[in-house]
Amino acid sequence: MQRIGVFVCWCGSNIAGTVDVQAVAEALKTEPGVVFSTNYQYMCSQAGQDIMKQAIKEHNLTGVVVCSCSPRMHETTFRKTAAAAGLNPYMVEIANIREQCSWVHKDMPTGTEKAIILGKAAIAKVNLNTPLTPGESPVTKRALVIGGGIAGIQTALDIADAGFEVDIVEKKPTIGGKMAQIDKTFPTLDCAACILTPKMVDVAQNEKIRIFSYAEVTDVKGFVGNFTATIKKKARYVKEDVCTGCGICTEKCPQKKVPNEFNLGMDNRRAVYIPFAQAVPKVATIDPDHCTMLKTGKCGVCAKVCTAGAIDYTQKDEFIEENYGAIVVATGYNPISMDKFDEFAYNQSKDVITSLEYERLMNAAGPTAGKLLRPSDGKHPHTIVFVQCVGSRCSACDEKGKEYCSKICCMYTAKHAMLTRDKYPDTDVYVFYIDVRTPGKSFDEFYRRAVEDYGVHYIKGMVGKVMPEGDQLKVRASDLLANKQINIDADLVVLAAAIEPDKSARPLATMLTASMDTNDFFTEAHPKLRPVESPTAGVFLSGACQGPRDIPETVAQAGAAASKVIGLLAKDKLTCNPCVASSNEIMCNGCSSCANVCPYGAITYVEKEFRQPDRTTLVRRVASVNEAVCQGCGCCTVVCPSGAMDLKGFANNQIMSEVDAICK
Amino acid sequence: MENKNLREEIIRRSGVNPLKCMRCGKCSGTCPAYDEMEYHPHQFVYMVETGDIEPLMNSKSLYKCLTCFACVDRCPRGVEPAKLIESVRLSVIRQQGNNHLNTDTIPDIIDEEMPQQAIVTALRKYNK
Ligand SMILES: Cc1cc2nc3c(=O)[nH]c(=O)nc-3n(C[C@H](O)[C@H](O)[C@H](O)COP(=O)(O)OP(=O)(O)OC[C@H]3O[C@@H](n4cnc5c(N)ncnc54)[C@H](O)[C@@H]3O)c2cc1C
Ligand code: SF4
Ligand code: SF4
Ligand code: SF4
Ligand code: SF4
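Thresholds applied
- Residues numbered from 1 in each chain as written.
- Chains lettered and ligands numbered in written order.
- Predicted model: local features only at pLDDT ≥ 70, side-chain atom pairs only at ≥ 80, totals over all residues.
- Heavy atoms only, no water.
- Helix = DSSP H or I, 4+ residues; strand = E, 2+ residues; numbered from the N terminus.
- Contact = heavy atoms within 4.5 Å.
- Areas by Shrake-Rupley, 256 points an atom, 1.4 Å probe, with all protein chains shown as cover.
- Buried < 20%, exposed > 50% of the residue type's maximum accessible area, 1.4 Å probe, protein only.
- Disulfide = S-S within 2.5 Å.
- Near = heavy atom within 4 Å.
- Nonpolar A, V, L, I, M, F, W, Y, C, P; charged D, E, K, R; others polar.
- Buried area = accessible area lost by both parts, 1.4 Å probe.
- Salt bridge = Lys/Arg side-chain N within 4 Å of Asp/Glu carboxyl O.
- Polar contact = N/O pair within 3.5 Å; in protein donor to acceptor, adjacent residues only side chain to side chain.
- Pairing = 2+ DSSP bridges.
- Axes fitted to C-alpha atoms, helices over the stretch in contact; angles between N-to-C directions.
- Domains from an automatic or database assignment.
- Right-handed = clockwise from strand over helix to strand, strands pointing away.

Concerning the overall build of chain B
Alright, step 1. Secondary structure summary: chain B contains 9 helices and 0 strands in total.
Alright, step 2. Along chain B, helices and strands appear, N-terminal first, in the series α-α-α-α-α-α-α-α-α.
Alright, step 3. Of the contacts made within chain B by residues no fewer than 6 positions apart, 70% connect residues no fewer than 24 positions apart.
Alright, step 4. Accessible area of chain B: about 6900 Å², with a carbon and sulfur share of 48%.

In structure tokens:
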């Protein structure tokens, strides 16, 4: 028989306001196993914890029930308290009489009645509790960062700085991400390349960091501290360690008409290319879709001109396996497709462009060498219309838009408008907005400067239609404050397209068993208190893969994710959660039901010898749970047809006794 | 109070929830009949939302809407202003107490490609 102590907390008036705590403590005194019962104003306070410690010692308690707030809040606190008094921490159970009782009931009698019942259930459970001891698992002291944008770069640099090895896997031929495509950055207008490329070089030169560019993660196995990732290094047909990045091949390749993705298709590159001058690694890549040698076996010009002998047309995709203790997801975002927004005529006119395309048009290394020229005829535009919220805040358009605010477009549109007016005072610049959202440090001041100092026309209203006519774009829009419909003859229309997570994010999340929201942004373990951790242990989040954000926020989060990774890798051993599943080998019939439902892949099967009553041995296949991988979700216990699978700390008989106590 | 009932009725019949409107003005930015109207599509939505129905019912704007559905198609929040306009129009017609259409003549006048709502609206409008 257990010797159980019951501690009923008032939580100030949070509980005591609707639950008669005195009556609850009294009523629970007579429950089986209970030898001590009391109530106190704040059980979580130092004084409250001292009461518990003292009672454990004085009454030789073997189990504790705290009737208080949610276990999510203070279970750890009370377990630690019990442990300090010499009790096994898993002999503590919480009856949630706040969130599930006092907060949802209005009158005292009902609240009190329910609190008593919840207390009885917890007591029934503790009566069947057994002391549990957490196991330990080792930690591989290396980290994997998936995605090499500014988020991945910053996280990798910070982890390496603490002395741990990091691998960055980037699917493009170079790291840098979207920031490498941006011209200048709000709110200070420093040139993106000037602040990004030094970091890219740092990554390249850091001994602790390896870059797998033009590579993807295709499989992840294992668990916190012990992941194994398979990395696919796509064939780039250039020997990475031999290529000097001289670029001669990219000048001589006869295939000149390949749309250049770095400039968003606004100019062309060759079939062999280096994405941009400061690319890291600065190595050429052959595009197999356009190289005539790879397609037809004829050409070979690049191999002839390459003095280093780096070209290798026989290269194959390569798969390598690496071990890591922690994984950081930094897969970023992309602007959504404008194909379905017919009203803006994006597909009808070259002079309707997205904001990211505008960045390239303004950039000295862009298709127009930094001169603002229309994509259609290369003429200088005089009237430019910017449209905000294109596809953002759009709840009606499931398959084309996004319900959320993309957060960055108000600011980058103000930046574009301001820079345009600054460089080309002869332009008329209109910005159509629904709201201007600028809640950041120096952000609103920045937007007001665009209006007050640079004369950008901000119009509250939305563009309804863009109609290409001759070499102009007829823009029809509303001016809500003037209560007018206005028509503008524009030379260029710039759409602030909503942003969405990279398409590879969902399959990656499945691989990592990391959760996502309905928009495919990675979900954090707690939106306020654990913002850079995924709910899956050992998986961390960095940058825009978690939600729309600008560079300052991305870098801050990247550093935070790195510090969490460092905290993990600094440990030699990890304690595991002892509340895991275990299978009774005698009862298990090896049916595989449990392995099929386990979301974490924790269950494998082993062949075991069993001695029969007649002394012969029988070899049977039985389930075996990897305790370090099991997260204690309990799916397996539910599906096991023979009742062999059970969850420590939440055993079937414990749950049933709780139900019985409630129904009594 | 009467207005409140009228407001409820207009909303219920149209199936539109004016509270979804984020006042972006895209409907009014796209409406081909805008200049003919005294009250514009986004104002319609707002006036119904706030129960300011009388001026709407007395306004010629009701009959200027082409039921082209450009606003319905483009509204980012799925508000469907044209359906609200239609619903107000119906209230006016029902107040007048008669239906302007002889049902027997419908098959002869309709054009197959016309949206159903346009047929009903157009007939009510012109068959005076
Ligand atoms: C037009 C425009 C202008 C902007 N201007 C500014 C500005 O002035 N100031 C500012 O602060 N912010 C600005 N931003 C926002 C800025 O671009 C982002 O905050 C920043 O790029 C986010 O960085 P990231 O690393 O999280 O994502 P990204 O830059 O998207 O990087 C993600 C990287 O991961 C790689 N990747 C994706 N999936 C995988 C995978 N499965 N495997 C391997 N690699 C993968 C991608 O190839 C990419 O390199 C602007 C954005 C836009 C669209
Ligand atoms: S072999 Fe391919 S990449 Fe090389 S020069 Fe010829 S077409 Fe270009
Ligand atoms: S940041 Fe501004 S432009 Fe972008 S979706 Fe939000 S409100 Fe619209
Ligand atoms: S349906 Fe009516 S209100 Fe809507 S855009 Fe067409 S004419 Fe304007
Ligand atoms: S387009 Fe829709 S959301 Fe925008 S003002 Fe009109 S009804 Fe409201």
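Having seen the model, we can carry on.
Examining the overall build of chain A
Alright, step 1. Of regular secondary structure, chain A possesses 19 helices and 34 strands.
Alright, step 2. Its C-alpha atoms put chain A at 90 × 70 × 40 Å along the principal axes.
Alright, step 3. Put simply, chain A has 664 residues, and 52% of those count as buried.
Alright, step 4. Considering only contacts within chain A whose residues lie at least 6 apart along the sequence, 68% involve residues at least 24 apart.
Alright, step 5. Within the structure as shown, chain A displays about 29300 Å² of accessible surface, and the carbon and sulfur contribution to it stands at 51%.

Quick look at unusual backbone geometry
In terms of backbone geometry, most residues other than glycine have negative phi values and most peptide bonds are trans.
All names here are of chain A.
Alright, step 1. The omega torsion of the bond from Phe186 to Pro187 falls at -10 degrees, within 30 degrees of zero and hence cis.
Alright, step 2. Tracing the chain through its elements places Pro187 in the loop between strand 8 (184-185) and strand 9 (190-191).
Alright, step 3. Backbone torsion omega between Val280 and Pro281 reads 0 degrees, so that peptide bond is classified as cis.
Alright, step 4. Take Pro281: it is sitting in the loop between strand 15 (272-273) and strand 16 (285-286).
Alright, step 5. Residues other than glycine seldom take positive phi values, yet Asn60 does so here, at roughly 50 degrees.
Alright, step 6. Counting through the fold element by element, Asn60 comes out in the loop between helix 3 (46-58) and strand 3 (63-68).

Details of the state of the cysteines
Residue and element names in this part refer to chain A.
Alright, step 1. Across all of its chains, the model carries 1 disulfide over all chains by this definition.
Alright, step 2. Between the sulfur atoms of Cys191 and its disulfide mate Cys194 the distance is 2.2 Å. Negative torsions about the S-S bond denote left-handed disulfides, and the value of about 95 degrees found for Cys191 with Cys194 makes this one right-handed.
Alright, step 3. Cys249 supplies the cysteine sulfur nearest to Cys243, a cysteine that is in no disulfide, at a spacing of 6.3 Å.
Alright, step 4. We note that Cys636 lacks a disulfide partner, and the nearest cysteine sulfur, in Cys630, lies 6.2 Å from it.

A short note on the site of ligand 5
Residues and elements named next belong to chain B.
Alright, step 1. Surveying the vicinity of ligand 5 reveals 14 residues, the closest of which are Cys21, Cys24, Gly25, Cys27 and Cys75.
Alright, step 2. At the level of secondary structure, the elements contributing two or more residues to the shell around ligand 5 comprise helix 2 (26-30) and helix 3 (41-50).
Alright, step 3. A class-by-class count of the residues in the shell around ligand 5 yields 9 nonpolar, 2 polar and 3 charged.

Side note on helix 3 of chain B
Side chains of residues three or four places apart in an α-helix project in the same direction, reflecting 3.6 residues per turn.
Residues and elements named next belong to chain B.
Alright, step 1. With 8 of 10 residues buried, helix 3 lies mostly within the body of the structure.
Alright, step 2. Every buried residue of helix 3 is accounted for by Pro41, His42, Gln43, Phe44, Val45, Met47, Val48 and Glu49.
Alright, step 3. Looking one or two residues beyond helix 3, the residue adopting positive phi is Gly51, at roughly 80 degrees.

Considerations on the site of ligand 4
Alright, step 1. Lining the immediate environment of ligand 4, one finds 13 residues, of which Cys31, Cys65, Leu66, Cys68 and Cys71 of chain B sit closest.
Alright, step 2. Among the residues making up the shell around ligand 4, the classes are represented as 12 nonpolar, 1 polar and no charged.

As for the interface of chain B and chain A
Alright, step 1. At the junction of the two partners, chain B supplies 19 residues and chain A supplies 22 residues.
Alright, step 2. Across the interface of chain B and chain A, roughly 1600 Å² is buried in total on both sides, 48% from carbon and sulfur atoms.
Alright, step 3. The partner of Lys26 of chain B in a salt bridge is Glu343 of chain A, and the shortest N-O contact between them spans 2.7 Å.
Alright, step 4. The tally of links between chain B and chain A comes to 15 residue pairs in polar contact (both at pLDDT 80 or more).
Alright, step 5. For the side of chain B that touches chain A, the secondary-structure elements that each account for two or more residues are helix 2 and helix 3 of chain B.
Alright, step 6. In terms of residue count, the dominant contributor to the side of chain B that touches chain A is helix 2 of chain B (4 residues).
Alright, step 7. Per-class residue counts for the side of chain B that touches chain A are 7 nonpolar, 8 polar and 4 charged.

Some words on the sheet that holds strand 2 (residues 34-40) of chain A
Residue and element names in this part refer to chain A.
Alright, step 1. Strand order in the open sheet made by the 4 strands is 2-1-3-4, with parallel pairing throughout. With partners counted over all chains shown, the strands left at the sheet margins are strand 2 and strand 4 (92-96), one partner each. Put simply, the sheet's adjacent strands are angled 15 degrees from each other on average, direction ignored.
Alright, step 2. Taken together, the 6 bridges between strand 1 (residues 4-9) and strand 2 define a ladder with parallel strand orientation. Bridged to Val6 within strand 2 is Ser37.
Alright, step 3. Running over the sheet, helix 4 (residues 71-84) touches strand 3 and strand 4 and is turned about 150 degrees from strand 4.
Alright, step 4. Taken strand by strand, helix 6 (residues 108-128) contacts strand 1, strand 2, strand 3 and strand 4, and its axis lies near 160 degrees from that of strand 4.

Remarks on the domain arrangement of chain A
Residues and elements named next belong to chain A.
Alright, step 1. When cut into domains, chain A gives domain 1 (4-126), domain 2 (136-227 + 319-332 + 519-575), domain 3 (235-316), domain 4 (333-500) and domain 5 (581-648).
Alright, step 2. Domain 2 and domain 4 are separated by 32 Å when their C-alpha centres are compared.
Alright, step 3. Listed per partner, the contact involves 19 residues of domain 2 and 24 residues of domain 4.
Alright, step 4. Buried surface at the junction of domain 2 and domain 4, summed over both partners, amounts to about 1900 Å²; 65% is from carbon and sulfur atoms.

Digging into the pattern of salt bridges
Residues and elements named next belong to chain A.
Alright, step 1. Taken as a whole and judged by the stated rule, the model has 42 salt bridges over all chains.
Alright, step 2. Put simply, Glu533 and Lys564 hold a salt bridge, and the shortest N to O gap is 4.0 Å. Taken as a pair, Glu533 in the loop between helix 15 (505-512) and strand 29 (539-541) and Lys564 in helix 16 (residues 551-569) lie far apart in primary sequence, 31 residues in all.
Alright, step 3. For Glu533, a relative accessible area of 13% puts it in the buried group.
Alright, step 4. Taking relative accessible area as the criterion, Lys564 reaches 39% and is therefore assigned partly exposed.
Alright, step 5. Linked by salt bridges that have partners in common, Arg142, Glu165, Asp167, Arg210 and Glu322 make up one network.

Some words on the pairing of strand 7 (residues 165-170) of chain A
Residues and elements named next belong to chain A.
Alright, step 1. For strand 7, the buried fraction is high: 5 of the 6 residues fall into the buried class.
Alright, step 2. As defined by bridge partners, strand 6 (residues 142-146) adjoins strand 7 across 5 bridges and the pair is classed as parallel. Looking across to strand 7, one finds that Leu144 is bridged to Asp167.
Alright, step 3. For the handedness criterion, the β-α-β arrangement of strand 6, helix 7 (residues 150-161) and strand 7 is classed as right-handed.
Alright, step 4. As defined by bridge partners, strand 7 adjoins strand 10 (residues 209-213) across 5 bridges and the pair is classed as parallel. Residue pairing across strands places Val169 opposite Phe212, the latter belonging to strand 10.

Some words on the environment of Thr185 of chain A
All names here are of chain A.
Alright, step 1. Note that Thr185 resides in strand 8.
Alright, step 2. With a relative accessible area of 7%, Thr185 lands in the buried category.
Alright, step 3. Sequence-distant contacts of Thr185, that is, excluding residues within four places in its chain, are made with Asp190, Ala192, Ile195, Lys415 and Ile551.

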